[in-house]
Each structure stands twice: as structure tokens, then as C-alpha cells.
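# Working through the structure, step by step
So the chains spell out like this:
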Amino acid sequence: MLNIAKTTGWEEVFSSLHNGVVMIDREERITYMNASAEDLLRVQHWKGATIRAFVPNSRISEVLENEHSLIGERLQLFDRECVVNRTPLYQDEELIGVISVIQDITEVKHYRDLLRQFESIIEFSTDGLYVVDKEGTTIYVNSAYEEMTGFPRSELIGRHMKDLMQEGYIDQSVSLLVLKEKERVSILQKIGGKKDVIVTGSPVFDENHEIELVVTSVRDITQLNGLRSELDRAKTFSELNQNRYSLQLKGVADKVVFRSKEMGVIYEKVKQVAPYPTSILLTGESGVGKEVVANLIHYESDRKDKPFIKVNCGAIPEHLLESELFGYESGAFTGARKEGKIGLLELAQGGTVMLDEVGEMPVSLQVKLLRVLQESEFYRIGGNKPIKLDIRIISATNKQLLEEIEKGSFREDFYYRLQVIEISIPPLADRVHDIEVLVDHFFSYFCSKYHIEKRMTKETRSALLTYRWPGNVRELKNMIESLVVSVPTISIEPHHLPVHITDYRIKGSEPLSLKERVGSFEKRIILDTIQQHPSLRSAAKELRMDHSTLVKKMKRW
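The structure displayed is predicted, hence computed values, not measured ones. As a convention, each chain's residues are numbered from 1 in the sequence order in which they are written. Only residues with pLDDT of 70 or above have their local features reported here, since the model is predicted, and side-chain atom pairs are shown and tallied only from 80 upward, although totals for entire chains, interfaces and linings are computed over all residues. Side-chain metrics rest on all non-hydrogen atoms present in the structure, leaving aside hydrogens and water.

### Considerations on the overall build of the protein chain
This is how it is decided: Going along the chain from the N terminus, every DSSP run of H or I of four or more residues is numbered as a helix, and every run of E of two or more is numbered as a strand. We call two residues in contact whenever any of their non-hydrogen atoms come within 4.5 Å of each other. Here the Shrake-Rupley method, with its probe set to 1.4 Å, supplies the accessible areas, and only the displayed protein chains count as covering residues.
The helix and strand tally for the protein chain stands at 22 helices and 23 strands. Considering only contacts in the protein chain between residues 6 or more positions apart, those separated by 24 or more positions represent 58%. For the protein chain, the accessible surface area stands at approximately 31300 Å², while carbon and sulfur atoms represent 50% of it.

Printed below as a string of C-alpha cells:
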């Protein structure tokens, strides 16, 4: 029961609350609503309206009839999960309505779920994790630490690190060193007087830059071989030759921009198949965007945080391609590095490999790669130890592989292993609705990238939209970049475009006549000259043309 007869300034109090507050009279009409309630109910104009206009299933009538509170009722308000308390409202002992207090518990539930997920992640970590507070007292130990050391967490939690050292649990404490040095510290530590481990303690600072916690990761010394292997992988990553292949670990190089139905179908298909490790073959003319689609596949998969290595099969010499893909052991062949080399397939472990221009791959290598894909393991050149492999293969080609199979330059069994899913990307001339959005996207992108202010006239844009773009998206992208950086004026006019673009008016039309081409060329020369002179008279003089003739041409244009 709430009596407001003697309450003063209640509106100021309610307006400052984070929870939503709604007051309803005996006719279920809203008499007051604070800003938090307006936000939760997504209303602005509520005065005189009934609560059922915004909450159709409201139980206000029950509170008015029974004069009993309804506490803790769950209520879904749009995308928010809430708890609402409804209480009778009295004035001078007479029931005048109901006050409802709405609490948004979406974030509370989210953070509770997030905390539970973090705890699960910590428990499933293969590294031992040990956490102490700012005093050096143990507050958390995960199960990996228990298994690694043999010490149950019940013997450790609540104990100070000095006491554990004195009792022989550890010979030295990295946590105490971190508390002293106020920075990350790594040491070799002996646990229980028998097991050597590598421990790294990291400080966690509060907003005042004071240490709040020390989190220590513990790894068995026997895993040093694994660390050495990781070091070799990192070294090889740094040596990647960008002219032969490229590596991405995160971030998408190009956005997928489209409006056409054709690309819409492809986009939906990619979203459908990306989560599965199935091999995918991308086909289409050069420049249609096969690499962009490959990016989308990788970053829509659960491998998105793993390496994405792109191999251009046509750019790497045949005699080097095998060693680049599979790597080799020390002394495998003349000229091999003494320490051996990790191959691209091994570098991509857990991630994705894109075989670009796969139609250029030598037949001899197709046989070896087919065996790798079938058995999910391979051998380095000169090696005798099989290496398990978990990668996804995306292939791309502008060739007709079935025709190559008939010629004997591509293996049929290898083709069907790559072509579990085939996605054919049509040329830009067959999806003209994409041209406009691509022109706008790249124009905006390059203006922003190079911090250049440019405008494109209606005529220029029209010429770009009606050109056939035989070089597809790549040609369009390069053309827009060229216009943005090379045109000296703010306004990009039709005469700034190359002749081969202005020669075509609409897709599929015949080229301009000789007279039209000469006229277009004349217009370009005159406009360029005008821009370089302060007046039409000086421009006419430069062109050795009568001033009145120049004015007539300008009016006609």
C-alpha cells in the first residue's frame, strides 16, 4: 500500500529513477510516467491514454478490484525482459489508482549469462589459472591447475602465497613478484618439489591504477616443444611473400556490396553453407569478386578467428609450389633451409586456404593435394611423420574446369573434391543493378580514404552506370580510385572519363559514330583548356579560336 497524501516532491524523485514508474487512476488512465518508463514502453504521448493501449495484457484491473499488490511479474516489452511490481495507490485512505514500477533485467540476465560463460571458458582452459587478490590471498584456482599440480583448490583458496611457500606447495610465488614489481612477470617454478612449470603473472589494475588482482597462467614445461613450434609458425608468418600469397587473420578486406537479385541469391547461399567445413569452388570471370565472396565465406564461418591464407596457384613457379604448400624438413633438397620450413597448409591449421587460379595448378600437384584432402593429413617434403590437418578449402577459377578435364590438364577426381559446393558469380554486365551501388560505394570509400572532397556530375555518373565494365568489379573499383585521385578539380566531369567509357551510352549499344567521337574529344579539350585559364577570351586565344565561336559551343553544350 502506498499513500502519497503527505508526500512532497514525488515527481522529482520518480523522474530521477532508473526504473520505470507509471501511475494509473481508477479508470486505468495514465496520470504520470517518468522518462525511464517512456523509454521502456516506447511512448511519448501518453496523457489521458489507458495503460492497455501500451500494455494490452496489463493486470492493473486485478490490483484495482482486489486492492492487493502484484509483485515480481515477468513482462516482455519489445526486446527487453522486465520485472514489474504493481501496488495500490491511496490518498487520504481512499484508493485513487495503481503505481507500477518496471525494472529492466535484460542487462542483469545478460551479465549473469556472460559471467557463467566466462567461468566455463576458464574451467575448460588447458592452462592452469591461479588468481590472488591485492593482498596475495588465493581467490580462484581452475581445474587445469588442480590436474597439473595435484593440489585440490580447497587446500589453496583463502590461503596467502607466503604460507603456501612455507608449506612447500611452491618454491617461489610469481604473484608476490607481480605485486612488488607492478608489471607482468614470468618465471620457472617448481610445484610440490617435483614438477617444473612456466608461470606468467599479470596484474589487473583498477581505475586508480592500483593492482586489484593478479592472474597467473601455468604451463607444464613439457609443452616447450609446442611453444617452439608456435615460434616457427610466427616466424614463417612474418616471411610471407605478399606477391605470391596473402595472409589474413581478422577483418574483411572488401565489403560485399550489391543490389541485384543474382548477388542476393549468392549472398544467401554463402550464409547457408559458410558454417560447414565443406569445400567450395568459386567460378566466374576475372574481376567479378571471387575473392570478396571467399572473404565472406571465411568470416561467416567458425574459423573466422583463424588464419585465412590465399595462394595464387598461377603466380608461384611450379617447382616451388609443392614446397610452399607442404613445407619441408631440414636437408630435404639442395638449397633447402637448414632449419626446414613450415608450409602454407600447416600455417592455416584450423583456418581457411583459398586456392586462387586453381586451374593453373600442375596435375602432379593436384594428385598430392587430393590425397591430403581425402586423408586430412600430409607429410612435409623429406619428412616421415604425418601431420594432421584441419583446414577448409575454397578454390577459385575463371577457367571452365570441365573443359580443362577434357583436355587432360585438370583431374576429374580433384575437381569433384573441390566442387562439393559450386558458386558461380555472374559478370557485372549481367547484374547491372549492382553497378550503381558499387559506383557510390567506391566513390565514397576512396574520397574518405584519401581525405579528398569530390563531386561527380549527373552526366559523369550516368556514363559510368551505362558502361558495360568488361573488367567487372575490379575495373570499376580501379576506375573510381583513378578519378578520385587524378582529377584536379572538385567536380568530376564526363570529359575526365576515358574515351572507351564515353564511347558507350548504354549496355549493348553500338559505339558512337566518328562525328560523335570527334565532338566528344573536342569538348574534352575545350573544357580542359577553360579550366586552366582565368577567362573564356584567354582560353579561346590558347585554342586559336574566335571568342564568339567558343561561347556558342559552350551554350550548345
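### Here's the deal with unusual backbone geometry
Quick reminder of the rule: Working definition: with a 1.4 Å probe on protein chains only, accessible area under 20% of the residue-type maximum means buried, over 50% means exposed, and in between means partly exposed.
Phi at Glu93 is positive, roughly 65 degrees, even though this residue is not glycine. With respect to the element layout, Glu93 can be found in the loop between strand E5 (80-91) and strand E6 (94-104). Of note in this structure, His209 is not a glycine but carries a positive phi near 60 degrees. With respect to the helices and strands, His209 occurs in the loop between strand E10 (195-205) and strand E11 (211-220). Here His209 falls in the exposed class, since its relative accessible area comes to 56%.

### Section: the pairing of strand E13 (residues 280-283)
The two faces of a sheet get side chains in turn, since along a regular strand they alternate between them. To be explicit about the condition: Following DSSP output, two strands are said to pair if at least two bridges run between them.
With burial as the criterion, each face of E13 is covered, one bearing Ile280 and Leu282 and the other bearing Leu281 and Thr283. Where E13 meets strand E20 (residues 392-397), four bridges bridge the pair, whose relative direction is parallel. When the bridges of E20 are listed, Ile280 appears paired with Ile394. Pairing geometry for E13 and strand E21 (residues 421-424), over four bridges, is parallel. Paired with Thr283 across the strands is Ser424, a residue of E21.

### Points about the pairing of E6
With six bridges connecting them, strand E2 (residues 20-25) and E6 associate as antiparallel partners. Its bridge partner lying in E6, Ile24 is registered against Val98. Of the strand pairs in this sheet, E5 and E6 are connected by 10 bridges, and their pairing is antiparallel. Paired with Tyr90 across the bridge in E6 is Leu95. The hairpin turn running from E5 into E6, its antiparallel successor, is two residues long, and Asp92 in that turn takes a positive phi close to 55 degrees.

### Topic: the pattern of salt bridges
Counted only if it meets this: A side-chain nitrogen of Lys or Arg and a carboxyl oxygen of Asp or Glu constitute a salt bridge if their distance falls within 4 Å.
What the rule picks out here adds up to 24 salt bridges. The salt bridge partner of Lys368 is Glu322, with a shortest N-O separation of 2.7 Å. One end of the pair, Lys368, is in helix H13 (residues 363-375); the other, Glu322, is in helix H11 (residues 318-326), and 46 residues separate them in sequence. The partly exposed category is assigned to Lys368, whose relative accessible area is 34%. It is possible to trace a salt-bridge network through shared partners that takes in Arg259, Glu436, Asp440 and Arg461.

### Some remarks on the packing of aromatic side chains
Stated formally: When two rings of Phe, Tyr or Trp (its six-membered ring) have centres within 6.5 Å they constitute a pair, described as stacked for plane angles under 30 degrees, edge-to-face for angles over 60, and tilted for the intermediate range.
As enumerated under the stated definition, the model contains 12 aromatic pairs in all. Between Phe446 and Tyr450 the ring centres are 6.1 Å apart and the planes differ by 10 degrees, which places this aromatic pair in the stacked class. Assessed through its relative accessible area of 2%, Phe446 is described here as buried. Among the residues examined, Tyr450 registers a relative accessible area of 30% and is labelled partly exposed.

### Observations concerning the side chain of Lys290
Our working rule: We treat Lys and Arg as the positive residues and Asp and Glu as the negative residues; His and chain ends play no part in the count. Think of a polar contact as two N or O atoms within 3.5 Å of one another; within protein, one of them needs to be a possible hydrogen donor and the other a possible acceptor, and neighboring residues in sequence only count if both atoms come from side chains.
Locating Lys290 in the fold gives a position in helix H10 (residues 290-299). Of the buried charged residues, Lys290 lacks a salt bridge, with Asp356 as the closest side chain of opposite charge at 5.9 Å. At 3.0 Å, the side chain of Lys290 forms a polar contact with the backbone oxygen of Glu285. Not counting residues within four places of it along the chain, the set of residues in contact with Lys290 comprises Leu282, Thr283, Gly284, Glu285, Met354, Ala396, Thr397, Asn398 and Ile425.

### Brief notes about the environment of Val484
The residue Val484 is located in helix H18 (residues 472-486) in this model. The buried category is assigned to Val484, whose relative accessible area is 0%. In this structure, the C-alpha to C-alpha distance between Val484 and Ile452, residues 32 residues apart in sequence, is 7.5 Å. Discounting chain neighbours no more than four positions away, the residues touching Val484 are Phe443, Phe446, Cys447, Ile452 and Lys454.

### Quick word on the nonpolar core
Worth spelling out the cut-off: Among buried residues, the Ala, Val, Leu, Ile, Met, Phe, Trp, Tyr and Cys ones that are joined through side-chain atoms within 4.5 Å form a nonpolar core.
Within the largest apolar cluster, 33 residues are counted, with the highest numbers of intra-cluster contacts made by Val311, Leu345, Leu355, Met361 and Phe414. At the level of elements, strand E14 (308-312), H11, helix H12 (344-347), strand E17 (352-356), H13, helix H14 (401-407) and helix H15 (412-418) are the ones that each hand at least two residues to this core. In terms of residue count, H13 provides more of this core than any other element does, five residues in total. Setting aside anything within four residues of it in sequence, one finds Phe414 in contact with Val358, Met361, Gln366, Leu369, Leu370 and Leu373.

### Observations concerning the packing of helix H16 (residues 433-449) against helix H17 (residues 458-466)
As a reminder of what qualifies: Between the N-to-C directions of two axes lies an angle of 0 to 180 degrees, each axis being a line fitted to C-alpha atoms and, for a helix, fitted only over the stretch in contact. The labels follow the angle: roughly parallel below 35 degrees, roughly antiparallel above 145, roughly perpendicular from 65 to 115, and oblique for the rest. By convention, the crossing between two helices is left-handed when the near helix turns anticlockwise from the far helix through less than a right angle, and right-handed when the turn is clockwise.
Running from N to C, H16 and H17 point in directions that differ by 130 degrees, and their axes come no closer than 9 Å. By the criterion of interaxial angle, the relationship of H16 to H17 is oblique. Viewed along their axes, H16 and H17 form a crossing whose handedness is right-handed. In this structure, H16 contributes Ile435, Glu436, Val439 and Asp440 to the contact, and H17 contributes Arg461, Leu464 and Leu465.

So yeah, pure geometry; function would need other evidence.
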